[in-house]
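Below are the chains, spelled out letter by letter.
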Amino acid sequence: MVFPWKMLVGPALLIGMKAVKFDYDKPQNLLIIRVVYALTQIVLFAALGYIAYRISKYGDAKHSVKVKVPSATGPAVETEMTHKDYDMSELKKLLKNFGLGAAMTVAIHAYMAVVPALILQMVTQPITLIDHALFLIYILKRDPSKNPKLQRPFVDDSPAAKLEAFKEKAQQERARLEALSAQEQPAALESDVALESDGTPGDVSVSDTQSSLSKVERRPRRAEVGQEEG
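What counts, and at which threshold
Residues numbered from 1 in each chain as written. Predicted model: local features only at pLDDT ≥ 70, side-chain atom pairs only at ≥ 80, totals over all residues. Heavy atoms only, no water. Axes fitted to C-alpha atoms, helices over the stretch in contact; angles between N-to-C directions. Helix = DSSP H or I, 4+ residues; strand = E, 2+ residues; numbered from the N terminus. Parallel < 35°, antiparallel > 145°, perpendicular 65-115°, else oblique. Left-handed = near helix turned anticlockwise from the far one by under 90°. Contact = heavy atoms within 4.5 Å. Nonpolar A, V, L, I, M, F, W, Y, C, P; charged D, E, K, R; others polar. Buried < 20%, exposed > 50% of the residue type's maximum accessible area, 1.4 Å probe, protein only.

Chemist: Sorry if this is basic, but what is going on with the packing of helix α2 (residues 27–58) against helix α4 (residues 116–131) here?
Modeler: How two helices pack is summed up by the angle between their axes together with the distance between the axes. Direction vectors running N to C along α2 and α4 enclose 20°, while the axes themselves pass 9 Å from each other. Overall, the two elements α2 and α4 adopt an arrangement that is roughly parallel. In this structure, α2 meets α4 at a crossing whose hand is left-handed. Contacts between α2 and α4 pair Ile33, Arg34, Val36, Tyr37, Thr40, Gln41, Leu44, Ala47, Leu48 and Ile51 from the former with Leu118, Ile119, Gln121, Met122, Gln125, Pro126 and Leu129 from the latter. Among the residues making up the contact of α2 with α4, the classes are represented as 12 nonpolar, 4 polar and 1 charged.

Chemist: How should the side chain of histidine 109 be read in this particular structure?
Modeler: If you trace the backbone, histidine 109 turns up in helix α3 (residues 83–112). Sequence-distant contacts of histidine 109, that is, excluding residues within four places in its chain, are made with Leu30, Arg34, Val114, Val115 and Leu118.

Chemist: Just checking my understanding: could you explain the environment of valine 69 for this structure?
Modeler: Its location among the elements puts valine 69 in strand β1 (residues 64–69). Classification of valine 69 as partly exposed rests on a relative accessible area of 37%. If sequence neighbours within four positions are ignored, valine 69 has contacts with Ala76, Val77 and Thr79.

Chemist: Mind showing me how you'd approach unusual backbone geometry here?
Modeler: Glycine aside, a negative phi is what most residues show, and trans is what most peptide bonds show. For the peptide bond that leads from arginine 152 to proline 153, omega is -5°, which places it in the cis range. Tracing the backbone through its elements, the reader meets proline 153 in the loop between α5 (133–138) and α6 (159–198). Its identity is not glycine, yet lysine 21 carries a phi of approximately 60°, on the positive side. Here lysine 21 is to be found in the loop between α1 (6–19) and α2. Look at alanine 113: it is not a glycine, yet its phi comes out positive at around 55°. Mapped onto the elements, alanine 113 comes out in the loop between α3 and α4.

Written out as structure tokens, the structure reads:
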């Protein structure tokens, strides 16, 4: 559920700031960027807190949905959750992604003095939140029954989700090939047994071969004995 233009907003903003020759090194400009970034994060996490409040108060605990939960020891396990629990789990994922993103951005800015990272994140994170199904359901009060994109489980277009789907598909394909190989092995063994019981030329024993050779060798000798007697 991510708009294609989302990835272009940040770079377009940086290009525009470069076109107007915005100087990141000026103390007043740097202060403005830091203040705007801090305000953006405050508003962002306040919105997440408000969504959590609305989920806990108005979340649907009557209907359920089947979702796949990642397992640390193997493939994802399918489980059933209420809409309320599912929405809260999705909110925790969003909170974790925003928290890690903010921590990494602040660290990069503090230790490497990278200013564009702040600008990119104070644009991309709000767009991600506004485009998320939880924001549309609990803030804008959209009806999930009228919008297929808001029906649970939500469509996840993140790179991590795509990688997980690729890994799951690879595991399913490997399991299919292993099952197919296991079915072919007994069939091959049965065909070998059938060939041995039929006595095909490919399975002639050594004793049969030696007896055949001895008969062939005897024939010329008998012919020679008949000529001498004549």
